[in-house]
Amino acid sequence: MSGRILVVDDVATNRMLLAARLGADYYDVTTAANGRDALEICAREAPDLVLLDVVMPELDGFEVCRRIKSDPQLHHIPVVMITALNEPEERVRGLEAGADDFLTKPVNELELNARVRNLLRMKMMIDEMRLRVETTQSLGLEAVRAELDVDVSGANVMIVAAEPDSARRRADILRKALDVRVRIPPNDREALTMAEAAPPDAFLIDRRLPAGGDGLRLVSALRSRQSTRASAIVLVAPEGDAASAAKGLDLGAGDYLFEPVDAAELVARMRSQLRRKRYADELRDTLLDGLRLAVTDPLTGLFNRRYAATHLQGLIRNARDGELGVMMMDIDRFKQVNDTYGHAAGDAVLREFARRLKANVRGADLTARLGGEEFLVAMPDARREAVAAAAERVRAAIQEPPFDIGDREIPVTVSIGVAMYAPGDGAESLIEAADAALYASKNGGRNRVTFRDAA
Ligand SMILES: [Mg+2]
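Scoring rules and cut-offs
- Residues numbered from 1 in each chain as written.
- Predicted model: local features only at pLDDT ≥ 70, side-chain atom pairs only at ≥ 80, totals over all residues.
- Heavy atoms only, no water.
- Donors = N, O, S within 2.8 Å, 3.2 Å for Na, K, Ca; no water.
- Buried < 20%, exposed > 50% of the residue type's maximum accessible area, 1.4 Å probe, protein only.
- Phe/Tyr/Trp six-rings, centres within 6.5 Å; stacked < 30°, edge-to-face > 60°.
- UniProt positions renumbered as here; feature names shortened; annotations may be inferred.
- Helix = DSSP H or I, 4+ residues; strand = E, 2+ residues; numbered from the N terminus.
- Contact = heavy atoms within 4.5 Å.

A. Spotlight on the coordination of the magnesium ion. Looking at the magnesium ion, one finds its protein donor set to be Asp10 (OD), Asp53 (OD) and Val55 (O), positioned 2.0 to 2.2 Å from the metal centre. You can call aspartate 53 buried: its relative accessible area is 3%. With a relative accessible area of 58%, valine 55 lands in the exposed category.

B. Looking closely at the packing of aromatic side chains. Applying the stated rule across the entire model yields 3 aromatic pairs. Ring geometry for tyrosine 256 versus phenylalanine 258: centroids 5.3 Å apart, planes at 55°, classification tilted. Take phenylalanine 258: its relative accessible area is 27%, and that puts it in the partly exposed class. On the basis of an interplanar angle of 15° and a centroid distance of 4.0 Å, the ring pair of phenylalanine 303 and tyrosine 307 is categorised as stacked. For phenylalanine 303, a relative accessible area of 28% puts it in the partly exposed group. Exposure remark for tyrosine 307: the relative accessible area of 25% places this residue in the partly exposed category.

C. Region of interest: the UniProt feature "modified residue: 4-aspartylphosphate" (unreviewed entry) in the chain. Summarizing the sequence annotation, UniProt attributes the feature "modified residue: 4-aspartylphosphate" (unreviewed entry) to Asp53 and Asp206 in the numbering used throughout. For this annotated set, covering 154 residues, the C-alpha atoms extend up to 29.9 Å from each other, a dispersed arrangement in space. If you trace the backbone, aspartate 53 turns up in strand S3 (residues 49–53). Considering the arrangement of structural elements, one finds aspartate 206 in strand S8 (residues 202–206). Those residues in contact with aspartate 206, other than ones at most four positions away along the chain, are Val160, Ala161, Ala162, Arg170, Gly215, Leu235, Val236 and Glu259.

This is the structure in structure tokens:
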């Protein structure tokens with residue numbers, strides 16, 4: 001995995017040591033000797049990861065981290081704080097400042113590699129989603145909150161521990177501090193079953209589990225399942241077992257703690273994992289909203305032309321001779337509505353037209369606004385009589401009663417052209433045939449339905 005890493009430390013030998021180690025793994029390394037330079041490089045080069053010394057003159061690591069994490073342009077860059085102090089309070093302070101992870105000096109090489117790989121992998125995933133959100137939606141970054149603002153209360157946590165007592169103790173700590181809901185399955189098999197039925201937001205898993213269970217195996221199983229793929233995982237490794245911790249991160253855990261578990265560190269790490277999980281959930285939802293926007297017409301909520309053209313091709317692939325009907329429709333003299341009553345009234349007419357249209361076709365039918373006052377309906381699995389009945393129903397529903405727009409009633413009618421699918425038809429030829437029938441309806445005096453073979 002490649003990535004651009006910024007190493008920040010006020011001591012030159014520390015910078016060189018880390019840069020050499022990371023450079024040997026083919027990362028692209030930049031260094032900064034103080035907090036001010038670090039922030040400048042972040043703004044200019046947007047690195048993929050920052051390794052940040054805590055104790056520095058002027059701006060210390062906590063302050064630099066806080067500034068990165070409160071800047072909407074930078075807050076998604078993962079920050080690993082590096083301190084000589086192996087004090088839980090320092091870690092908690094760092095995590096509260098928004099640090100994604102912690103390393104202590106002297107930096108263990110195994111741990112450094114595992115943490116860096118893990119965070120870069122996470123960032124690539126988040127970057128990809130951010131990009132898609134920005135592409136599908138012009139709202140861009142403002143629509144997505146900073147990860148630090150994400151509230152974790154009400155989240156679901158599952159604790160899979162070696163002993164029921166320690167599981168209960170940890171559950172109490174998390175409930176009190178984070179207002180989360182906690183479930184405690186008796187073993188790893190039960191954990192998988194319960195998680196399949198109701199996937200939690202996060203797992204807290206012991207490396208050693210009862211009845212010959214293995215926390216690392218459980219991490220791997222949870223990561224490979226669709227239902228729990230997005231859940232956060234925190235591994236609890238035996239004291240000093242850096243190899244298990246690193247293996248856990250490689251298998252997909254988001255973070256780890258060593259035994260004996262410190263309450264404040266447990267809370268800080270779990271909070272940070274839950275925030276990231278919910279942040280990713282939010283991005284995913286925004287992305288889905290964006291996709292929905294990309295296929296619908298914002299004024300009427302009907303599908304748009306692009307979606308209709310693609311979907312119609314699918315309907316044609318599945319269609320049998322004479323069992324797919326396509327209607328093209330056009331509101332009669334719509335320009336006069338706009339000219340007489342104004343564009344706001346015109347929009348209201350289009351919305352009401354769409355509502356009546358949908359109310360008079362089946363749920364499975366494709367209804368789309370192709371643009372302007374032009375609409376399309378495709379009816380799969382429908383014979384000619386059913387299509388004719390639906391077309392007539394729509395025509396009548398538009399004509400009566402007149403459209404009630406604000407304080408006035410506007411008479412509206414629609415002309416409809418229909419083509420039934422025949423072998424050899426493609427989406428284009430079917431739409432063209434329905435369109436030709438529509439113009440026959442217009443020429444025949446409007447407010448009527450014409451079939452392709454009668455046109
Ligand atoms: Mg220092």
